[in-house]
Amino acid sequence: MPDLRGYGDSSKPPTTSDHFPYSKRAMARDQIEMMQELGFKQFSVAGHDRGGRCAYRLALDHPEVVTKLAVLDIIPTGEALRRTDKEFALGFWHWFFLAQPFDLPEKLIGLNPEHFYFQGDRSIFHPEALEDYIRCIHQPGTIHAMCEDYRAGASIDFQLDEADRGINKIRCPVLVLWSDQGELPKWYDVLSIWRDRAEKVEGRGINCGHYLAEEAPKETFEELYKFLID
């Protein structure tokens with residue numbers, strides 16, 4: 001369960017004008033190198049939110065490596081941006097705020113990072129995990145890396161998704177889980193969108209908020225276990 005590049009205590013390499021060091025393609029390569037170091041030439045991948053975006057890029061770029069893919073509470077970045085409307089822009093405003101040029105979002109977030117990142121109910125997180133999240137988001141390098149992640153999403157990640165659309169599909173079996181209480185099922189036919197991007201897709205909504213693993217651990221585990229292990 002690695003932290004993505006830039007998050008937690010992971011490395012935070014210098015960025016470039018095209019934001020490639022924080023692209024999901026670069027993050028996917030990190031996972032390949034890590035798993036090779038651990039002795040795995042093939043493996044299944046599950047990812048939530050930003051991790052899910054890294055995970056599906058990993059499956060697209062390295063089909064010979066990824067045997068199964070599970071993505072939690074997302075649609076592809078390219079699809080989300082291509083379909084952007086007023087509801088999306090207001091509901092997911094942070095996508096566009098974090099993607100603003102350096103260093104406007106970094107300065108504003110740095111004034112009160114806890115309020116920015118944890119505006120909702122903090123009780124859904126284990127106290128030990130929450131303590132670690134809060135420690136990390138007070139580090140300027142982490143805030144900058146998170147902004148770079150979203151800048152990459154609005155630029156190079158979008159371009160890569162668009163280049164693959166209709167041409168390069170995810171070949172391995174895909175499980176899609178999403179929050180029934182969130183915006184995705186209100187705005188999209190989630191499975192239909194993923195079936196345009198992958199050859200074999202199954203999935204369903206779970207009656208919880210965005211943090212599936214924290215809010216509905218039993219259901220989330222059962223779905224993942226059934227898909228990945230059974």
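Reading guide: rules and limits
- Residues numbered from 1 in each chain as written.
- Predicted model: local features only at pLDDT ≥ 70, side-chain atom pairs only at ≥ 80, totals over all residues.
- Heavy atoms only, no water.
- Disulfide = S-S within 2.5 Å.
- Buried < 20%, exposed > 50% of the residue type's maximum accessible area, 1.4 Å probe, protein only.
- Patch = residues over 30% accessible without salt bridge, like charges linked within 9 Å, V, L, I, M, F, W, Y side chains within 5 Å.
- Areas by Shrake-Rupley, 256 points an atom, 1.4 Å probe, with all protein chains shown as cover.
- Salt bridge = Lys/Arg side-chain N within 4 Å of Asp/Glu carboxyl O.
- Helix = DSSP H or I, 4+ residues; strand = E, 2+ residues; numbered from the N terminus.
- Core = buried A, V, L, I, M, F, W, Y, C linked by side-chain atoms within 4.5 Å.
- Contact = heavy atoms within 4.5 Å.

A. Broad picture of the state of the cysteines. Counted according to the given criterion, the structure contains 0 disulfides. The thiol sulfur of Cys136 is not disulfide-bonded, and the nearest other cysteine sulfur, from Cys147, lies at 15 Å. Residue classification places Cys136 among the buried positions, given a relative accessible area of 6%.

B. Focus on a nonpolar patch on the surface. Together, Leu104, Leu108 and Leu111 make up an exposed nonpolar region whose accessible area comes to about 320 Å². Considering the arrangement of structural elements, one finds Leu111 in helix H6 (residues 104–111). The class for Leu111 is exposed, based on a relative accessible area of 72%.

C. Representation of the nonpolar core within the structure. The biggest cluster of nonpolar side chains holds 50 residues, and the ones touching the most others in it are Tyr56, Leu69, Ile75, Ile170, Val176, Val190 and Trp194. A total of 6 residues in this core trace back to one element, the largest contributor, which is helix H2 (residues 50–61). Aside from chain neighbours lying at most four places away, what touches Ile170 is Tyr56, Ala59, Leu60, Leu69, Trp194, Arg197, Ala198 and Glu199. Core analysis: the next-biggest nonpolar cluster, separate from the first, contains 10 residues, Ala70, Ile206, Ala216 and Leu224 among them.

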